[in-house]
Amino acid sequence: MAQQTINKNEWPLWEVFIRSKAGLDHKHAGSIHAADAEMAIENARDVYTRRMEGVSIWVVESKYIHASEPGQSEELFEPANDKIYRHPTFYDLPDELKHM
Amino acid sequence: MGWELGNSNLELPRMEDRTKILYTLQIADNALIIGHRISEWCGHGPILEQDIAATNIALDHLGQARSLYQYAAEQFNALQADEKMKLFSSTALQAKVAANENIDEDDLAYLRDGWDFHNVLLVEQNNKDWAYTIVRSFFYDTFNFFFYSALLNSADTTFAAIAEKSLKEVTYHLRWSSEWMIRLGDGTEESHQRMQDAVDYLWSYTGEMTTANETDKTAFASGIGADLAAIKTAWKEKVSAVINESSLAMPKDAWMQHGGKDGSHTEHLGYILAEMQFMQRAYPNMEW
């Protein structure tokens, strides 16, 4: 109920992703408040790209982001710790290959 | 002046120089004064993100003003001494001229008195509330968009270059203010009413932008200036489309305020200049 009261008075929160130059990924830059998607892109532009940080912006309403539970990190991530053979470091690469 | 055949040919170019400086100042002063007005929101915006948006836009306007003042100062410094004395009656600027000093963009911003400012009355009107601020910006941004679009074709290459750079900023300003028009005009009962009040109040200040004074006429005739008659039609079309989409009522055609371009201002300009110019007037040449 308290949550609803807050949402009524405040614009929704949006997560902002910025591509810093063509060819690179969009990276999470932060979050902003905005009334709608158009305004979210403009607010993100004003807050996060004023110093030429970006060439493209994605915004998504924060409520649509589903995150893993920090409490589950043991079962989710720790099993990978002792499986170093999953890294491609066990192959002998020919000398001509420079960028693996 | 066609019958004044006895006049020396030297008279004509000097006449044009003077008009071009005044024309440059009309554009520059609009940018400086609206930029200053919008900058008054800095730290007071309705929400952090819009505080930053407004401040960014204010800085765009100041940047445009700066380029234009640099150009105006360059033209001014190239005038003959007697012409310089005639162009402004502000004593602080005349003192510089009398001392045979060149002026720069800061002198034009800080040392001119109100009657030497040539901005339209619209841009000096109070912020009052967010609705008035948005409507004032929307009316001005619409004009600015068509004005700079026309100035791209100026025979004066500096004007054309400034227009090209400014138009990208102005396109964004217009997008920003148009969206706020629609959002608030078509919003709640209260936001609708506040927007309608602002539209009705500011309406009589809109005619001046697209009504040519002598400077505008000469600038257009000589190929460096914009055709305000054409802009008037485009302005009205765009404004009525957005007002319509905002569920607001378009004001009826009525008497329009005039005078700003020729130095007759509303009481608001004096307060703006008092705040803006105080430091340079009290502590000449100070830097910080």
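> Before we move on, could you go through the overall build of chain A and cite the residues and values that matter?
Regarding its fold elements, chain A presents 3 helices and 3 strands. Helices and strands in chain A line up, N terminus first, as α-β-β-α-β-α. For 100 residues, the compact-globule formula gives about 13 Å, and the C-alpha radius of gyration of chain A, at 20 Å, lies well above that figure. Across its three principal axes, chain A shows a C-alpha extent of roughly 60 × 35 × 15 Å. When burial is assessed residue by residue, chain A has 15% of its 100 residues classed as buried. For chain A, contacts bridging at least 24 residues in sequence account for 44% of all contacts bridging at least 6.

> Now, about the interface of chain B and chain A: what can you tell me, with residues and values included?
Listed by partner, the interface residues are 8 residues for chain B and 11 residues for chain A. Elements supplying a minimum of two residues to the side of chain B that touches chain A: helix H2 (48–77) and helix H8 (157–185) of chain B. With 4 residues, the single largest contributor to the side of chain B that touches chain A is H2 of chain B. Here the residues of the side of chain B that touches chain A are counted per class, giving 4 nonpolar, 1 polar and 3 charged.

> How would you explain the nonpolar core if you had to name every residue and give the values?
Core analysis: the largest hydrophobic core is formed by 67 residues, its most contacted members being Ala-28, Leu-68, Ala-72, Leu-122 and Val-135 of chain B. With near-sequence residues (within four places) excluded, Ala-28 of chain B lies in contact with Ala-65, Leu-68, Tyr-69 and Ala-72 of chain B. Core analysis: the next-biggest nonpolar cluster, separate from the first, contains 10 residues, Ile-18, Ala-40, Ala-44 and Val-59 of chain A among them.

> Now, about the sheet that holds strand S3 (residues 56–61) of chain A: what can you tell me, with residues and values included?
All names here are of chain A. In space, the 3 strands of this open sheet follow the order S2-S1-S3, with antiparallel pairing throughout. The open sheet has two edge strands with one neighbour each: strand S2 (26–33) and S3. Between one strand axis and the next, the sheet turns through 25° on average, direction left out of account. Bridge count between strand S1 (residues 13–19) and S3: 6 bridges; the pairing is antiparallel. In the strand pairing of S3, Phe-17 is matched with Trp-58. On top of the sheet, helix H2 (residues 37–48) reaches S1, S2 and S3; it is set at about 125° to S3, its chief contact.

> Could you give an account of the packing of H2 of chain A against H2 of chain B, naming the residues involved and the relevant values?
Two elements in contact, H2 of chain A and H2 of chain B, have axes whose closest approach is 9 Å; the angle formed by their N-to-C orientations is 70°. What the angle tells us is that H2 of chain A and H2 of chain B run roughly perpendicular. Crossing of H2 of chain A against H2 of chain B: the hand is left-handed. When H2 of chain A is examined against H2 of chain B, the residues Glu-42, Asn-43, Asp-46 and Val-47 of chain A are found in contact with a partner set consisting of Glu-49, Ile-52, Ala-53 and Asn-56 of chain B. A breakdown of the residues in the contact of H2 of chain A with H2 of chain B according to their chemical character gives 3 nonpolar, 2 polar and 3 charged.

> Now, about the pairing of S1 of chain A: what can you tell me, with residues and values included?
Residue and element names in this part refer to chain A. Alternating residues of S1 divide into Trp-14, Val-16 and Ile-18, all buried, and Leu-13, Glu-15, Phe-17 and Arg-19, none buried. Here 7 bridges tie S1 to S2, and the two strands are oriented antiparallel to one another. Counterpart to Val-16 in the pairing with S2 is Gly-30.

> Before we move on, could you go through the packing of helix H7 (residues 130–151) of chain B against helix H9 (residues 189–202) of chain B and cite the residues and values that matter?
Residue and element names in this part refer to chain B. Close contact between H7 and H9 brings their axes to 8 Å; oriented N to C, the two are set at 50°. Looking at the two axes, H7 sits oblique to H9. Note on packing geometry: the crossing formed by H7 with H9 is right-handed. Counted together, Ala-131, Tyr-132, Val-135, Arg-136 and Phe-139 of H7 and Arg-194, Met-195, Ala-198, Val-199 and Leu-202 of H9 form the full contact between these two elements. For the contact of H7 with H9, the class distribution of residues is 8 nonpolar, no polar and 2 charged.

Analysis parameters
Within each chain, residues carry numbers counting from 1 in the order of the written sequence. Just so you know, chain letters begin at A and ligand numbers begin at 1, following the order they were written in. Predicted model: local features are reported for residues with pLDDT of at least 70 only, side-chain atom pairs are reported and counted for 80 or more only, and whole-chain, interface and lining totals are derived from all residues. Only runs of H or I of at least four residues qualify as helices and only runs of E of at least two qualify as strands under DSSP, and these elements are numbered from the N terminus. Each radius of gyration reported is based on C-alpha atoms, and the globular scaling rule is 2.2 Å times the count of residues to the power 0.38. Three exposure classes are used, all based on how many other C-beta atoms lie within 10 Å of a residue's own C-beta (placed from the backbone): buried at 20 or more, exposed at 12 or fewer, and partly exposed between those limits. Throughout, a pair of residues is in contact if the C-beta atoms placed from their backbones lie within 7 Å. Classification convention: Asp, Glu, Lys, Arg as charged; Ala, Val, Leu, Ile, Met, Phe, Trp, Tyr, Cys, Pro as nonpolar; all other residues, Gly among them, as polar. By convention in this section, buried Ala, Val, Leu, Ile, Met, Phe, Trp, Tyr and Cys residues joined through C-beta atoms within 7 Å make up a nonpolar core. Two strands pair under a simple rule: DSSP has to find at least two bridges between them. A fitted line through C-alpha atoms serves as each axis, taken over the contacting stretch for helices, and the angle formed by two N-to-C directions is quoted from 0 to 180°. For classification purposes, an angle smaller than 35 degrees is called roughly parallel, one larger than 145 roughly antiparallel, one from 65 to 115 roughly perpendicular, and anything else oblique. By definition, turning the near helix anticlockwise from the far helix through less than a right angle yields a left-handed crossing, and turning it clockwise yields a right-handed one.

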